Amino acid sequence: MKQYRDSAGHTFLYWLAIAGLLVLGAALFVQFGLFVLFWEQDTSRLSLVILGGLVIASAHAGYRSWLMDKECESVQHLALSGTAQSGNNAPSIAGDYQRAVARAIANGRNAADLVNLGTDLQQQVRAGHASGWFVADLMIKLGLLGTVIGFIFMLNSVAQMETTDLNAAKLMLTQMSGGMRIALFTTLAGLSSGLILGVQYQLLDRAAETLFGLIVAAVDTQDFRGSNTPPGANT
């Protein structure tokens, strides 16, 4: 059962390593005055909204990685003792799948008929973080939206210029630079946030694939034919 012991706990540890790098990056971000620069230069405040979303989504990814490791512990207990409940009677994906397979076999279905259960299992292990990729993509799109807003500010300053006076030209250039700053800062925030979230949810996707394989392997090695009572039914 070494494969189960090796799998448990690693996802959250990997996420903690990523989180540590993010905390270090955030400290440097503040230390070198980049946060103040974002605050002063991006008058749309869209880049700060994106960075706030990054913090919330990263916390969600950390929570999901912790749950993944708990599920791996349930699979380990399932492989060792035949039940996925490890003392606290908490429900688990592995236990639900085990009971579903037991009921199906008790009702006379064979292994070829259990494909739908496997499909449902695959959806369950990914369901908790499936929206993460949408959030990562949303961050990038918000950055592009900020780019459009910045260019609108730039074009608006040009459209408002009615004279060729030197002072008016200076004012126009100032307004254009403000729009350019909005475009650049929001694009930078959106792209970087999307990439960072992509790394975290890619980690969760790989953990989900591993968990799916472990659950199927643990349940498929059990013999349900000797009893008409599904495992865990009396718990």
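Residues numbered from 1 in each chain as written. Predicted model: local features only at pLDDT ≥ 70, side-chain atom pairs only at ≥ 80, totals over all residues. Heavy atoms only, no water.

Participant: I tried to follow the packing of aromatic side chains on my own but got confused; where do I start?
Facilitator: When we look at a pair of aromatic rings, we describe it by the centre distance and by the angle of the planes. Within the structure shown, the criterion is met by five aromatic pairs. Here the aromatic rings of F29 and F35 are separated by 6.5 Å at their centres, their planes lie at 70°, and the arrangement is edge-to-face. Exposure remark for F35: the relative accessible area of 38% places this residue in the partly exposed category. Taken together, a centroid distance of 4.7 Å and an interplanar angle of 65° make the contact between F38 and F185 edge-to-face. Taken together, the residues F38 in helix α3 (residues 34-41) and F185 in helix α8 (residues 166-220) connect sequence positions 147 residues apart. Residues F38 and F185 agree in their burial class; the two are buried. Each residue in the set F29, F35, F38 and F185 is aromatic and connected to the rest through ring pairs, giving one cluster. Directly above the ring of W39 sits R45, whose terminal nitrogen or CZ lies 4.1 Å from the centroid. (Phe/Tyr/Trp six-rings, centres within 6.5 Å; stacked < 30°, edge-to-face > 60°. Buried < 20%, exposed > 50% of the residue type's maximum accessible area, 1.4 Å probe, protein only. Helix = DSSP H or I, 4+ residues; strand = E, 2+ residues; numbered from the N terminus. Lys NZ or Arg CZ within 6 Å of the ring centre and 35° of its normal.)

Participant: Looking at this structure, how should I read the pattern of salt bridges?
Facilitator: Any two side chains of opposite charge can pair, so long as their charged atoms come close to each other. Evaluation of the coordinates by the stated rule reveals five salt bridges. R99 serves as the salt-bridge partner of D96, at 2.7 Å between the closest nitrogen and oxygen. Here R99 and D96 lie together in helix α5 (residues 93-106), a separation of three residues that amounts to about one turn. Taking the relative accessible area as the measure of exposure, D96 reaches 36% and is therefore partly exposed. Between R126 and D205 there is a salt bridge; the shortest N-O distance is 3.3 Å. Taken together, the residues R126 in helix α6 (residues 115-127) and D205 in helix α8 connect sequence positions 79 residues apart. On the basis of relative accessibility, which here comes to 25%, the residue R126 falls in the partly exposed class. On the basis of relative accessibility, which here comes to 12%, the residue D205 falls in the buried class. (Salt bridge = Lys/Arg side-chain N within 4 Å of Asp/Glu carboxyl O.)

Participant: What exactly am I supposed to notice about the packing of α5 against α6 here?
Facilitator: Describing two packed helices takes the angle between their axes plus the distance from one axis to the other. Remark: α5 packs on α6, axes separated minimally by 11 Å, with the N-to-C direction vectors making an angle of 170°. Taken together, α5 and α6 sit at an angle that is classed as roughly antiparallel. Across from I93, Y97, A100, V101 and A104 in α5, the residues of α6 making contact are L117, G118, L121, Q124 and V125. When its residues are assigned to classes, the contact of α5 with α6 shows eight nonpolar, two polar and no charged. (Axes fitted to C-alpha atoms, helices over the stretch in contact; angles between N-to-C directions. Parallel < 35°, antiparallel > 145°, perpendicular 65-115°, else oblique. Contact = heavy atoms within 4.5 Å. Nonpolar A, V, L, I, M, F, W, Y, C, P; charged D, E, K, R; others polar.)

Participant: What's the story with the packing of helix α4 (residues 46-81) against α5 in this structure? I'm lost.
Facilitator: Contact geometry of α4 with α5 gives a least axis separation of 8 Å together with a crossing angle of 45°. Considering the angle they form, α4 stands oblique to α5. Along the contact surface, α4 presents E71, V75 and L78, while α5 presents I93, A94 and Q98. Split by residue class, the contact of α4 with α5 holds four nonpolar, one polar and one charged.

Participant: Help me understand unusual backbone geometry, please; the structure alone is not making it clear to me.
Facilitator: Among all residues except glycine, the phi angle is most often negative; among peptide bonds, the trans geometry is most common. Phi angles above zero are rare outside glycine, and R45 is one such case at about 60°. Along the chain, R45 turns up in the loop between α3 and α4. Given the relative accessible area of 29%, R45 is considered partly exposed.

Participant: Whenever I open this one, the environment of G150 confuses me. Can you help?
Facilitator: Note that G150 resides in helix α7 (residues 130-159). In sequence terms G150 and S177 are 27 residues apart; their C-alpha atoms lie 9.2 Å from each other. Beyond its immediate stretch of four places on either side in the chain, G150 contacts G179, M180, I182 and A183.

Participant: Sorry, what's going on with the confidence of the model for the protein here?
Facilitator: Low pLDDT marks regions whose predicted coordinates should not be analysed in detail. Taken over all residues, the pLDDT of the protein has a mean of 80, while the share at 70 or more is 78%. Element-level mean pLDDT values for the protein span from 46 in helix α1 (residues 2-7) up to 93 in helix α2 (residues 10-31). Between residues 1-5, whose pLDDT stays under 50, and residues either more than four places distant or in other chains, the model counts 10 contacts. Here residues 226-235 scores under 50 on pLDDT; set against residues more than four positions off or in separate chains, the count is 12 contacts. (pLDDT = per-residue confidence, 0-100.)

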